[in-house]
Amino acid sequence: MDENEEKLLRLVALQNAQAVLLARDRAEHELIATNEALERKTAELAEQRESFRVTLASIGDAVITTDTQAKITFLNPVAEAMTGWKSDEAIGQPLEKVFNIINEQTRQPAPNPVSRVLREGVVVGLANHTALIGRDGKETAIDDSAAPIRAETGKISGVVMVFHDVTEQRKAENALRQSNQLLSEVRDELEKRVQERTTELETANESLRDLSARLLHLQDEERRRLARELHDSVGQILAAIGMNIAVVQSQSHKLDSFGARAVSENAQLVDQVSREIRTISHLLHPPLLEVAGLVSALRWYVDGFSERSKIKVDLEVPADFGRLPNDAELAIFRIVQECLTNVHRHSGSATAAILIRQEDGQLTVQVRDSGKGLPSKKQRELIESNRGGVGFGGMRERLRQLGGALEIQSEGEGTVVSVTLNVQSAPTDG
Ligand SMILES: Nc1ncnc2c1ncn2[C@@H]1O[C@H](COP(=O)(O)OP(=O)(O)OP(=O)(O)O)[C@@H](O)[C@H]1O
Ligand SMILES: [Mg+2]
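Given the structure is predicted, the values throughout are model-derived calculations rather than measurements.

Here we come to the pairing of strand E11 (residues 405–409). Residue alternation in E11 divides its side chains into a buried set, Leu406 and Ile408, and an unburied set, Ala405, Glu407 and Gln409. For E11 and strand E12 (residues 415–422), the ladder comprises five bridges, and the chain directions are antiparallel. If you follow Ile408 over to E12, its bridge partner there is Val417. Linking E11 back to E12 in an antiparallel pair, the connection comprises five residues, with Gly412 at a positive phi of about 75°.

Here it is as structure tokens:
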């Protein structure tokens, strides 16, 4: 090898060595830069971690995190206070050991939410009525949820559980539930009492109705008895007196004129008393009602009434009007009688009209006058309540027993009292 060749070789070796050194320098620089970046990243991460830790440590809720084995990795101070476990003791422990939960009502262990999060990868809320039993046995009502912690890849790297003390809220809920319960008991009791009172009232009403029905019936009976007594005893005695007076009258030529006039006056008086007793007796209980029926009894009554009161009364009845059951005939007779008495006593009317119609088993009776009328307030009272005289009360009662209805119409002038009643015509017996 000559000298030149040697120089050339050394130059090449030098150049190679320089290139290697350069490459090493570059590699060293790159390494340093990478190291610096790594350190920066680590510091950043540490900072982030610290900031998360501080955040979790300072939030008002209790926070526990676990790894994928459900072993505790973090516990904030609120969680420490509630579980009674210090962070350094708790970390690494299985969650169940530290986070011991039961169902407040059944006292059975409650399902651990972390296991479900790990199994299903979903956010899980705690079951209702969950209570945490602290290390010292202290019980705290809690409420909240657990959620998976996911790495950037989406893989679950642990679970974070957040819970808080709901003792006060639950107390309030319980108090509310209790007062609701109490309220509903009171309401039930009240309803029961109202029901009892209503039943009592209904019973009382029922017996009152029975009583008034019986009273009306007794009144009818009493009138019938009185009518018969008057007719049969007083009437007969008067008839006997009349006959005796007739005997004396036939001998009146034996008397002086004074005596003869007295006898003749007596004969007239006895005649008059007889007629009045007869009228009273018939008004008390019209004998025609049973014998000849409603229409005849009404005709007789209306004639007498018109004569006595000087009120002109029209009676309009269908020509083919037959017989009705006895109680219906008596009720209608008494109602018309009461209405006409009212016309005479209260209306000041000079006329009255009675209209009777019968259609498809429904009977309508109207008594109309052209008098001073009845204010609508009073009409309502007379129809609905028990106010007013015995008159309307009696009409209502009679109709109630027969399932009929009463109506009063009066606008301005005059009054119409209408009665409707479902009746089957009674078979005419003879
Ligand atoms: N045709 C009428 N025109 C005007 N007012 C009437 C008429 N009928 C009834 N009234 C009024 O209605 C009231 C109630 O009548 P109701 O027959 O019930 O009692 P009453 O006639 O006063 O007493 P009673 O118990 O003797 O019948 C009467 O007091 C009267 O004011
Ligand atoms: Mg009356």
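Here the narrative resumes, following the displayed structure.
Remark: helix H9 (residues 294–309) packs on helix H10 (residues 326–347), axes separated minimally by 11 Å, with the N-to-C direction vectors making an angle of 15°. In terms of their interaxial angle, H9 and H10 are classed as roughly parallel. In this structure, H9 crosses over H10, and the sense of that crossing is right-handed. Each of Leu294, Ala297, Leu298, Tyr301, Val302, Phe305 and Ser309 in H9 lies in contact with H10, whose residues at this interface are Glu329, Ile332, Phe333, Val336, Gln337, Leu340, Thr341 and His344. For the contact of H9 with H10, a count of residues per class yields ten nonpolar, four polar and one charged.

This part takes up the coordination of the magnesium ion (ligand 2). Tetrahedral metal sites with four donors have an ideal angle of 109.5 degrees; octahedral sites with six donors have ideal angles of 90 or 180 degrees. Taken together, the protein ligands of the magnesium ion (ligand 2) are Glu338 (OE) and Asn342 (OD1), with distances of 2.0 to 2.1 Å. Note that Glu338 and Asn342 are positioned in helix H10 at a spacing of four residues, about one turn of the helix. The exposure class assigned to Glu338 is partly exposed, which follows from its relative accessible area of 22%.

Moving on to a nonpolar patch on the surface. Judged by side-chain polarity, Leu8, Leu11, Val12 and Leu14 come together as a nonpolar surface patch covering roughly 370 Å² of accessible area. Along the chain, Leu11 falls in helix H1 (residues 3–58). The class for Leu11 is partly exposed, based on a relative accessible area of 46%.

This part takes up H1. The terminal C-alpha atoms of H1 lie 81 Å apart, and with 56 residues this matches the ideal 82 Å at 1.5 Å per residue to within 8%. A side-chain oxygen of the first residue of H1 lies 3.2 Å from the backbone nitrogen of Asn4; this N-cap is Asp2.

Moving on, we get to a negative patch on the surface. Residues Asp2, Glu3, Glu5 and Glu6 make up a contiguous surface patch of negative charge. With relative accessibility at 39%, the residue Glu6 sits in the partly exposed group.

Mapped onto the elements, Glu3 comes out in helix H1. It is 153 Å that separates the C-alpha atoms of Glu3 and Gly403, two residues lying 400 residues apart in sequence.

Basis of the calculations
- Residues numbered from 1 in each chain as written.
- Chains lettered and ligands numbered in written order.
- Predicted model: local features only at pLDDT ≥ 70, side-chain atom pairs only at ≥ 80, totals over all residues.
- Heavy atoms only, no water.
- Buried < 20%, exposed > 50% of the residue type's maximum accessible area, 1.4 Å probe, protein only.
- Helix = DSSP H or I, 4+ residues; strand = E, 2+ residues; numbered from the N terminus.
- Pairing = 2+ DSSP bridges.
- Axes fitted to C-alpha atoms, helices over the stretch in contact; angles between N-to-C directions.
- Parallel < 35°, antiparallel > 145°, perpendicular 65-115°, else oblique.
- Left-handed = near helix turned anticlockwise from the far one by under 90°.
- Contact = heavy atoms within 4.5 Å.
- Nonpolar A, V, L, I, M, F, W, Y, C, P; charged D, E, K, R; others polar.
- Donors = N, O, S within 2.8 Å, 3.2 Å for Na, K, Ca; no water.
- Patch = residues over 30% accessible without salt bridge, like charges linked within 9 Å, V, L, I, M, F, W, Y side chains within 5 Å.
- Areas by Shrake-Rupley, 256 points an atom, 1.4 Å probe, with all protein chains shown as cover.
- Salt bridge = Lys/Arg side-chain N within 4 Å of Asp/Glu carboxyl O.
- Expected span 1.5 Å × (residues − 1).
- Polar contact = N/O pair within 3.5 Å; in protein donor to acceptor, adjacent residues only side chain to side chain.
- Lys, Arg positive; Asp, Glu negative; His and termini not counted.
- Charge placed at Lys NZ, Arg CZ, Asp CG, Glu CD.

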